[in-house]
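Coordinate analysis (summary)
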Amino acid sequence: MRKPVILITGAAGEIGHSLIQRLSDSGRTGIVTLDLKPLDPEIARRVQHPIAGSILDRALLESILAEYAVDTIYHLAAQLSTRAEFTPVAAHEVNVNGTLNLLEFAQAQGRGHGRPVMFLYPSSIAVYGFSSVAEKHAAGRVREYQYTEPITMYGCNKLYCEQLGRYYARHYRQLDADAPRALVDFRAIRFPGLISAFTVPSGGTSDYAPEMIHAAAQGREYHCFVRPDTRIPFMAMPDAVDAMLALAAADRDRLSQTVYNIAAFNPSAEEIRALVLEAFPEASIDWQPDTKRQAIVDSWPEAVDDSKARADWGFAPRYGLAEAFSDYLIPNIRRRYPSGP
Ligand code: AKB
């Protein structure tokens, strides 16, 4: 008998860290993880089987298939937008071929145990692409299908994988005489920039917000790589994890689409700086925009329309901007860096 489990790829990353904590705090056992990097020991103890390896290793995926009955996959492994621009082919390999491997894995799992495998996929606001700041301002809150002409490899990869997921969920091998049942229950969320009190991201372009806060809390100066007026959507990590769990728990019949925007707050970089200075008045934060990274952030929307997520599966974030700082970020970050200012 294969053991029923949840599989989390990219588990050592920021979302993985918080997701594992939340699942295990709620009593969920049977978590198997796959990542090249080792998990933090505090996270690893909550996992039944942390597997060190790559999503590109098909033999490894076969062995997981043979050992476990995977009901749900959180496919978090990805190369983020800044990193992907330096190694676009490698990023495509991980972000697209890795996702294809996992979708095939899910289909095979579903065939093995005869029921659909839930496939949760974190997409991103990077799937959007504006050609100018004027167009971005004029667009305001964008819907899922608008302005999807990304300018980054990561954005292209995420947009395409959303489509791949929809294909596996609805049209897989549609011409086969014995067309297999669609056994992948694909559900994607387009995440804004995420801010965690416990981890600092790396390789992304929305990283300026979390970097600014964590630097101030450690008494380190910060040179912000975007202009003060830069505005994109952000969200506190607990709301992102809650959203994934809420989408996973939603009744499939209520889901009118496979990909959902979600939104919480969308401060300018200057507004973030002001909140950081309120908490850490001695913080030294200046502006040193990097034209190339700035262009990436300028191509992302300043706000997204999440009315479908709210209507279909009840998405409702706990934290607005002020509460994210006062109730979540600042108290936890102060505890995290006890020798900070
Ligand atoms: C990145 O900056 O690449 C990510 C994202 C917005 O998806 N944080």
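First things first, this report covers the structure right here in the doc. (Residues numbered from 1 in each chain as written. Predicted model: local features only at pLDDT ≥ 70, side-chain atom pairs only at ≥ 80, totals over all residues. Heavy atoms only, no water.)

Observations regarding the sheet that holds strand β11 (residues 259-261)
With parallel pairing, seven strands are arranged side by side in an open sheet as β3-β2-β1-β4-β5-β7-β11. The open sheet terminates on both sides in strands that have one partner only, identified here as β3 (49-52) and β11. In this sheet, adjacent strand axes meet at a mean angle of 20 degrees when their direction is disregarded. Two strands pair when backbone bridges link them, and strand β4 (residues 68-75) and strand β5 (residues 117-124) are joined in this way by three bridges, in the parallel orientation. Looking at β5, one finds that Ile-73 is bridged to Phe-119. Helix α1 (residues 14-25) contacts β1 (3-9), β2 (31-35), β4, β5 and β7 (184-191) of the sheet and is inclined by roughly 150 degrees relative to β1. Against the sheet, helix α9 (residues 237-249) makes contact with β4, β5, β7 and β11, and its axis sits at roughly 155 degrees relative to β7, the strand it touches most. (Pairing = 2+ DSSP bridges. Helix = DSSP H or I, 4+ residues; strand = E, 2+ residues; numbered from the N terminus. Axes fitted to C-alpha atoms, helices over the stretch in contact; angles between N-to-C directions. Contact = heavy atoms within 4.5 Å.)

Regarding the pattern of salt bridges
Considering all chains together, one arrives at 16 salt bridges under this definition. Counted as one network, the salt bridges with shared partners bring together Asp-25, Glu-42, Arg-45 and Arg-46. (Salt bridge = Lys/Arg side-chain N within 4 Å of Asp/Glu carboxyl O.)

So, α9
Compared with the 18 Å implied by 1.5 Å per residue over 13 residues, the 18 Å span of α9 between its first and last C-alpha is a close match. Restricting attention to buried positions, one finds in α9 the residues Met-237, Pro-238, Asp-239, Ala-240, Val-241, Ala-243, Met-244, Leu-247 and Ala-248. (Expected span 1.5 Å × (residues − 1). Buried < 20%, exposed > 50% of the residue type's maximum accessible area, 1.4 Å probe, protein only.)

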